[in-house]
Amino acid sequence: METNIEVDPDIVKIDQLALDKECVQLPSDYLKYALLSADLKQEVDNRKSRLDTVEAEMAKHIRNTPGKFGLEKVTESAIREVIQTSEPYQKALVKLNNAKHTLDRTQATVWALEHKKRSLVVLVELHGMGYFADPKLSKVGQKVVDQMTKESVRPRRRSMED
């Protein structure tokens, strides 16, 4: 599996003027990254198993031929040092760490989509309560606006008639 997956940072942005579309799109985005996260978890487990296998095979080889590795006395710490500095172990470790990093980034995207979901719920509730509606005038305020409109329109009519 590819462990260098790019995550689109725009996936968590919310278009407040299209909440319906955002709500419809969210489950697909969430499923995509949740499944990707599950696949990457399996990849991390596989890479961890591979690292353990490399370590076990090398330990066996070192115990059978310690002179080949410059060991006079075979101890667990000496074996561990030889293994951890070996090229096969280092390659397997880098692959494991890269897979973990990709999993972490994907899991962060899943969490961000959870936050997006909560934000969408709040925005939809606010919209339903008229939070984004135009301001409403009181009766007195409406009378004042009507009076101001009449006063500003009358002089224009007179000037047009002249």
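Everything quoted here is computed from the prediction, not taken from an experiment.

Undergrad: Describe the overall build of the protein chain, and please don't skip the residues or the numbers.
TA: When helices and strands are tallied, the protein chain shows 4 helices and 0 strands. At 33 Å, the protein chain has a C-alpha radius of gyration far larger than the 15 Å of a compact globule built from 162 residues. Along the three orthogonal principal directions, the C-alpha set of the protein chain runs to about 115 × 30 × 25 Å. When each of the 162 residues of the protein chain is scored for burial, the buried share is 25%. The long-range share in the protein chain, meaning contacts at least 24 apart out of those at least 6 apart in sequence, stands at 77%. With an accessible surface of roughly 12100 Å², the protein chain has 54% of that area assigned to carbon and sulfur atoms. Charge separation in the protein chain, taken as the distance between the mean sites of 27 positive and 26 negative side-chain charges, equals 3 Å.

Undergrad: Describe a nonpolar patch on the surface, listing the residues and the values that go with them.
TA: On the surface, Val140, Val144 and Met148 cluster together into a nonpolar patch covering about 300 Å² of accessible area. By secondary structure assignment, the location of valine 140 is in helix 4 (residues 139-161).

Undergrad: Outline helix 3 (residues 87-128), supporting the account with residue identities and numerical values.
TA: Across its 42 residues, helix 3 extends 61 Å between first and last C-alpha, which sits within 8% of the 62 Å expected from 1.5 Å per residue. Where helix 3 starts, the residue carrying a side-chain oxygen 3.4 Å from the main-chain nitrogen of tyrosine 89 turns out to be serine 86. Looking at the residues trailing helix 3, positive phi occurs at glycine 130, about 80°.

Undergrad: Which residues make up the nonpolar core, and what values go with them?
TA: Membership of the largest hydrophobic core comes to 28 residues, with the highest contact counts inside it found for Tyr33, Ile62 and Ile83. Counting only elements with at least two residues in this core, the list comes to helix 1 (19-64), helix 2 (76-84) and helix 3. A per-element tally of this core places helix 1 first, with 11 residues. The residues touching isoleucine 62, leaving out its near neighbours within four places in the chain, are Phe69, Leu71, Ile79, Val82 and Ile83.

Undergrad: So what's going on with the pattern of salt bridges? Residues and values would help.
TA: The tally for this structure, following the rule as stated, stands at 8 salt bridges. Among the salt bridges present, the one from glutamate 76 reaches arginine 63, with a minimum N-O distance of 2.6 Å. Taken as a pair, glutamate 76 in helix 2 and arginine 63 in helix 1 lie far apart in primary sequence, 13 residues in all. Classification of arginine 63 as partly exposed rests on a relative accessible area of 38%. Between lysine 91 and glutamate 87 there is a salt bridge, and its shortest N-O distance comes to 3.0 Å. With lysine 91 and glutamate 87 both in helix 3 and 4 residues apart, the pair spans about one turn of that helix.

Reading the values: rules and limits
- Residues numbered from 1 in each chain as written.
- Predicted model: local features only at pLDDT ≥ 70, side-chain atom pairs only at ≥ 80, totals over all residues.
- Heavy atoms only, no water.
- Helix = DSSP H or I, 4+ residues; strand = E, 2+ residues; numbered from the N terminus.
- Rg over C-alpha atoms; globule rule 2.2 N^0.38 Å.
- Buried < 20%, exposed > 50% of the residue type's maximum accessible area, 1.4 Å probe, protein only.
- Contact = heavy atoms within 4.5 Å.
- Areas by Shrake-Rupley, 256 points an atom, 1.4 Å probe, with all protein chains shown as cover.
- Lys, Arg positive; Asp, Glu negative; His and termini not counted.
- Charge placed at Lys NZ, Arg CZ, Asp CG, Glu CD.
- Patch = residues over 30% accessible without salt bridge, like charges linked within 9 Å, V, L, I, M, F, W, Y side chains within 5 Å.
- Salt bridge = Lys/Arg side-chain N within 4 Å of Asp/Glu carboxyl O.
- Expected span 1.5 Å × (residues − 1).
- Polar contact = N/O pair within 3.5 Å; in protein donor to acceptor, adjacent residues only side chain to side chain.
- Core = buried A, V, L, I, M, F, W, Y, C linked by side-chain atoms within 4.5 Å.

Purely geometric numbers; function is a separate question.
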